[in-house]
Amino acid sequence: MRTDRLILRRWRHSDREPFARLNADPRVMEFFPQPLSAGESDALADRIEAHFEERGFGLYAAELGEDGSFIGYVGLAAPRFSAHFTPAVEIGWRLDAAYWGRGLATEGAREIVRHAFEDLGLTALVSFTAPANVRSVRVMEKLGMTHDPADDFDHPGLADGDPLRRHVLYRLVNS
Ligand SMILES: CC(C)(COP(=O)(O)OP(=O)(O)OC[C@H]1O[C@@H](n2cnc3c(N)ncnc32)[C@H](O)[C@@H]1OP(=O)(O)O)[C@@H](O)C(=O)NCCC(=O)NCCS
């Protein structure tokens, strides 16, 4: 898929090195338990590939159209945990911090919403994060996603008492 500035595509082996670099950056991983080692980053890339094989869609590699740089991912993933809103398809994003603040996540995510509803026939998407992740919440808002505080939940992958455990849930319904 293409947008004005981005190409959203399946992953290549050459994406793994820049992906490991951004996953090792504490700024990128501020709202996750910790930055990832190179091995953990590769394992995540393997899980993303497996999701494409199983579901036919996934977290697409995001490449800058102007110079072909791999800058992160924008796409879709089915949460592997169970919660009050699952099964569901999540729209998500993670970009190298050097590219933040230019509207790229929102631009890519708008194309992913179109893909989800028009090409894949999905009827609804969710997105979730720790409420302090204001950049991510802002992308959700710009996509027109809505938030009902009654949907907020404790992430089952995080321990009781972990300050990141509480999550806000945003929804988008294809109308
Ligand atoms: C979340 C993320 C993908 C956003 O990427 P991005 O390309 O910078 O996003 P956009 O430029 O499209 O939008 C960011 C919005 O946040 C706003 N923002 C940035 N910093 C902010 C701050 N400190 N306080 C409030 N708003 C802020 C921007 O102004 C922009 O909103 P605007 O268009 O209304 O001005 C990027 O920050 C990232 O990769 N974060 C780390 C990974 C992550 O947390 N992913 C989400 C997990 S759920």
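Please read these numbers as outputs of a predicted model, since none were measured by experiment.

**Things to note about the side chain of E111**
Step number 1: Within the secondary structure layout, E111 lies in helix α3 (residues 104-119).
Step number 2: In this structure E111 touches M1, R2, T3 and L8, once residues within four positions along its chain are discounted.

**Some thoughts on the environment of R5**
Step number 1: Positionally, R5 belongs in the segment before β1 (6-9).
Step number 2: A relative accessible area of 34% places R5 in the partly exposed class.
Step number 3: When neighbours within four sequence positions are excluded, R5 is seen to be in contact with E63, L64, G65, R102, G103, L104 and E107.
Step number 4: Only 2.7 Å separates the side chain of R5 from the side chain of E107, close enough to count as a polar contact.

**Comments concerning the site of the ligand**
Step number 1: Surveying the vicinity of the ligand reveals 21 residues, the closest of which are L95, G101, T106, R138 and K142.
Step number 2: Within the contact set of the ligand, an oxygen atom lies 2.7 Å away from a backbone nitrogen or oxygen of G101.
Step number 3: T106 places a polar side-chain atom, nitrogen or oxygen, 2.5 Å from an oxygen atom of the ligand.
Step number 4: Considered on its own, the ligand offers 980 Å² of accessible surface; in the complex 74% of this is hidden by protein.
Step number 5: Listed by contribution, the elements that provide at least two residues to the shell around the ligand are β4 (90-95), α3, β5 (124-129) and α4 (134-142).
Step number 6: The leading source of residues in the shell around the ligand is α4, at six residues.
Step number 7: A class-by-class count of the residues in the shell around the ligand yields ten nonpolar, six polar and five charged.

**Description of the pattern of salt bridges**
Step number 1: Scanning the entire structure with this criterion turns up 17 salt bridges.
Step number 2: When the shortest N-O distance is used, the salt bridge between D119 and R114 registers 3.1 Å.
Step number 3: The network of salt bridges with shared partners includes R9, R12, D15 and E63.

**Topic: the pairing of β4**
Step number 1: Within β4, six of the six residues are buried, which leaves the element mostly enclosed by the surrounding structure.
Step number 2: Residues E90, G92 and R94 point to one face of β4 and I91, W93 and L95 to the other, with burial holding for every one of them.
Step number 3: Here six bridges tie strand β3 (residues 70-77) to β4, and the two strands are oriented antiparallel to one another. Counted as the bridge partner of A77 is E90 from β4.

**Section: the packing of helix α1 (residues 16-23) against helix α2 (residues 38-55)**
Step number 1: With their axes 9 Å apart at the nearest point, α1 and α2 run at an angle of 120° to one another. The pairing of α1 with α2 is recorded here as oblique in orientation. α1 and α2 meet at a crossing whose hand is right-handed. From α1, R16, F19, A20 and N23 reach across to α2, where they touch A38, S41, D42, L44, A45, D46 and I48.
Step number 2: Residue composition of the contact of α1 with α2, by class: six nonpolar, two polar and three charged.

**So, unusual backbone geometry**
Step number 1: A cis amide bond links T86 with the next residue in sequence, P87, at an omega value of 0°.
Step number 2: Relative to the assigned elements, P87 resides in the loop between β3 and β4.

**Re the nonpolar core**
Step number 1: In this structure, F19, L76, I91, W93 and L125 are the most contacted members of the largest nonpolar core, which totals 47 residues.
Step number 2: When residues in this core are grouped by element, the largest group, seven residues, is from α3.
Step number 3: Excluding residues within four positions of it along the chain, W93 makes contact with Y73, V74, A105, A109, S127, S136, V139, M140 and L143.
Step number 4: Counting seven residues, the second largest nonpolar core, distinct from the first, contains F81, A88, V126 and L169.

**A few points about α1**
Step number 1: Among the eight residues of α1, six are classified as buried, and the element is accordingly described as predominantly covered.
Step number 2: Within α1, burial applies to R16, P18, F19, A20, L22 and N23.
Step number 3: The inward-facing, buried residues of α1 abut α2, β3 and β4.

Conventions we followed
- Residues numbered from 1 in each chain as written.
- Predicted model: local features only at pLDDT ≥ 70, side-chain atom pairs only at ≥ 80, totals over all residues.
- Heavy atoms only, no water.
- Helix = DSSP H or I, 4+ residues; strand = E, 2+ residues; numbered from the N terminus.
- Contact = heavy atoms within 4.5 Å.
- Buried < 20%, exposed > 50% of the residue type's maximum accessible area, 1.4 Å probe, protein only.
- Polar contact = N/O pair within 3.5 Å; in protein donor to acceptor, adjacent residues only side chain to side chain.
- Near = heavy atom within 4 Å.
- Areas by Shrake-Rupley, 256 points an atom, 1.4 Å probe, with all protein chains shown as cover.
- Nonpolar A, V, L, I, M, F, W, Y, C, P; charged D, E, K, R; others polar.
- Salt bridge = Lys/Arg side-chain N within 4 Å of Asp/Glu carboxyl O.
- Pairing = 2+ DSSP bridges.
- Axes fitted to C-alpha atoms, helices over the stretch in contact; angles between N-to-C directions.
- Parallel < 35°, antiparallel > 145°, perpendicular 65-115°, else oblique.
- Left-handed = near helix turned anticlockwise from the far one by under 90°.
- Core = buried A, V, L, I, M, F, W, Y, C linked by side-chain atoms within 4.5 Å.

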